[in-house]
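Report on the structure
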Amino acid sequence: MKILVPVKQVAALDEDFEIDSTGRDVSEEFLIRDLNEWDDYSLEEALKIKDGATMPVEVVAVSVGPERIDESLRKCLAKGADRAIRVWDAGVEGSDSIAIARLLAAVAKREAPDLLFAGVQSSDHAFASTGIATASFLGWPHAAVVAYLGYEPGARTAVVRRELEGGVLHELAIDCPAVLTIQLGINAPRYASLRSIKQAAAKPIEVLAPAALGLADSDVGPSGSLSRVRRMYIPDKGRAQMIEGTAVEQAARLAEIIRKFKGAGA
Amino acid sequence: MSGILVIAEQRRGELRGVSLELVTAAQAVRRGGDAVSVAILAVEPEQFVPALSVGGVDELITVKVDAREFDPDVHQATVASLVAARGPSVVLIAHSIDSFGYAAALAARQGYGFATDVFKSEWMGDELVATRDGYGQKVNVEVDFPGRKTVLLAIRGNVFKPAEQPASPTVSAFVAPAAEPRSRSLQFIEQSTGDDVDMASAEFILSIGRGIGEEAKVAQFRELAEAIGATLGCSRPIADAGWLPKSRQVGQSGKTASACKLYIAMGVSGAIQHLAGMKHVATIVAVNADSEASIFSVATYGIVGDLFEVAEALRSEF
């Protein structure tokens, strides 16, 4: 069997940063790139099935982006993914999560996996939509925010528990093939060994353009998107009243706040 | 296309509070003669009519569906059918775990303009503009939807005040289209771990986050919480790592700390889900090494400094 795991290289911001000249994103030099935290968990969930299976299970990582994202795909290879695919050409620039999902669905049609695991959301823009939109383009069943998965390789249904608000889980059975979006905490993601990191550096990454997947120029980029970034800006935020001084002075003030609270309650 | 369609949310027979927040959010995108219609999907939708009869709602649409609990296929087919029948220019849903399960599929299939986790929306001329945040709440992002006749917005919770003025909207029934669910609801499970703490009734919580660094440090904060008379809580990464049981997690996906009045967050950077779950607390004190941590924008008091030094100094005060 095969599990396809779409991953994203996300960006966090440096302590100081500036909006670029387009006014629609942060300047490249202030972005710190890494594999999306949720994707560590979705990849691990696929690798767990592979490790526990008696039949051969292939885990394929896929991502959409320019050459720099190879670093994140190599991280997936180092952790145990069998293959990695990167989709890109200049026309993909400016795609929203829906256009990205269209590309991922095209890869899934080619790869014909039995399951597709995506992260619930990305830590940088948190649309929480790529995985479920991918399911829509594939016409597959889907479940979001999965915090537990029971699945026997090759089975026609899986049992999942969705993590709802307020500490409640909703358990359901879902037909496969299916798209599941995976929540943090579902497992304990592994670290790659130094040896496997070295091996991953030498592994090939297959690069595909949208056209090779049967998509037209209008399917990706701004014309294939359902939203467009118009402006990005640094908001004026409320700011806590800061307690200055040494740790001892700060703690003394905090103790005062606590005593006052307790006094009021008594 | 005109009018605003709001999709209310219910779970296990209870209307979710965010439904009434959506009614308030709808007023900001109302233009001229726009009517606000609120649809509720349930096995017995009429039971929600009284709770949804509030000011700002022109029409309540009851939609009887076969699925007792949330099902993504039923929701997608029904909302698509409602939009086709009513032709709204804006559809508002909650940015919730249930909408995570169908909103993107619906928008992708129908070609609606689409944005999630929206906390502000308004018309600028003929363009609907939605504002959300990015990069861990460090920037605001305005998005628009060129050429889209209908726009689906998933609205962040705890931003808009719930509408509560009683009113008498017209009520009409809508026949849901046939849908074939491809998943089957089995049961709801309360996450319990044998730890009998009741975060919901705790008035004073000392919460620890990723900033404590390692599991061995948990004991020190447990002892500190005890000394100052606080209930020990934690943010998601601490519970996920198994350093504290899930029942101690506060924030949106954890327990609702509804009685909390004083919240001391140590080493909690402040993911949006965590902040949303603690927004109601009267006094929040954040202690963090990172002066730019998001939590300082919602905290009442902030302390930038070494977590352990502050914790030790605080311990010696009691």
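Owing to the predicted nature of the structure, the values given are computational and were not obtained by experimental measurement.

Turning to the overall build of chain A, a few remarks are in order. Regarding its fold elements, chain A presents 6 helices and 13 strands. The principal-axis extents of the C-alpha atoms in chain A amount to approximately 65 × 45 × 40 Å. Split into buried and exposed, the 266 residues of chain A put 54% on the buried side. Partitioning the intrachain contacts of chain A with sequence separation of at least 6 by distance along the chain shows that 71% fall at a separation of at least 24. Surface accessibility of chain A: about 11400 Å² in total, with carbon and sulfur atoms responsible for 51%.

Turning next to the pairing of strand β14 (residues 204-208) of chain B. Residues and elements named next belong to chain B. Among the 5 residues of β14, 5 are classified as buried, and the element is accordingly described as predominantly covered. Alternating positions in β14 separate into two faces, Phe204, Leu206 and Ile208 on one and Ile205 and Ser207 on the other, with burial throughout. In this structure, β14 lies alongside strand β16 (residues 262-266), joined through 5 bridges in parallel fashion. From the neighbouring strand, serine 207 faces β16, where its bridge partner is alanine 265. As judged from the 4 bridges shared by β14 and strand β15 (residues 231-234), these two strands associate in the parallel manner. Within β15, the position partnered with isoleucine 208 by the bridge is cysteine 234.

Simply put, disulfide is the name for a covalent bond between the sulfur atoms of two cysteines. Residue and element names in this part refer to chain B. Inspection of every chain in the model, using the stated rule, returns 0 disulfides over all chains. No disulfide involves cysteine 234; its sulfur sits 14 Å from that of cysteine 260, the nearest cysteine. By relative accessible area, which is 0% here, cysteine 234 ends up buried. With a relative accessible area of 3%, cysteine 260 lands in the buried category.

By the definition in use, this model includes 4 aromatic pairs over all chains. Taking the centre distance of 5.9 Å and the plane angle of 45 degrees together, the rings of Phe70(B) and Tyr102(B) count as tilted. Here Phe70(B) is found in the loop between β5 (59-64) and α3 (72-86), whereas its partner Tyr102(B) is found in the loop between α4 (97-100) and α5 (103-110), with 32 residues between them in sequence. Among the residues examined, Phe70(B) registers a relative accessible area of 12% and is labelled buried. For Tyr102(B), a relative accessible area of 4% puts it in the buried group. Positioned above the aromatic ring of Tyr233(A), the side-chain terminus of Arg231(A) is 4.1 Å from the ring centre. The cationic tip of Lys217(B) hangs over the ring face of Phe308(B); the distance from NZ or CZ to the ring centre is 4.9 Å.

This brings us to the interface of chain A and chain B. Facing the 81 residues of chain A at the interface are 92 residues of chain B. For the pair chain A and chain B, the two sides together bury roughly 7500 Å², of which 56% comes from carbon and sulfur. Where chain A touches chain B, the interface holds 12 salt bridges. Measuring nitrogen to oxygen at the nearest pair gives 3.7 Å for the salt bridge that ties Glu165(A) to Arg16(B). Here chain A and chain B share 40 residue pairs in polar contact (both at pLDDT 80 or more) between them. Elements with a minimum of two residues in the side of chain A that touches chain B: β2 (9-13), α4 (130-138), β7 (142-150), β8 (157-163), β9 (168-175), β12 (228-233), β13 (241-242) and α6 (247-265) of chain A. Among the elements that line the side of chain A that touches chain B, the one with the most residues is α6(A), at 13 residues.

What counts as what
- Residues numbered from 1 in each chain as written.
- Chains lettered and ligands numbered in written order.
- Predicted model: local features only at pLDDT ≥ 70, side-chain atom pairs only at ≥ 80, totals over all residues.
- Heavy atoms only, no water.
- Helix = DSSP H or I, 4+ residues; strand = E, 2+ residues; numbered from the N terminus.
- Buried < 20%, exposed > 50% of the residue type's maximum accessible area, 1.4 Å probe, protein only.
- Contact = heavy atoms within 4.5 Å.
- Areas by Shrake-Rupley, 256 points an atom, 1.4 Å probe, with all protein chains shown as cover.
- Pairing = 2+ DSSP bridges.
- Disulfide = S-S within 2.5 Å.
- Phe/Tyr/Trp six-rings, centres within 6.5 Å; stacked < 30°, edge-to-face > 60°.
- Lys NZ or Arg CZ within 6 Å of the ring centre and 35° of its normal.
- Buried area = accessible area lost by both parts, 1.4 Å probe.
- Salt bridge = Lys/Arg side-chain N within 4 Å of Asp/Glu carboxyl O.
- Polar contact = N/O pair within 3.5 Å; in protein donor to acceptor, adjacent residues only side chain to side chain.

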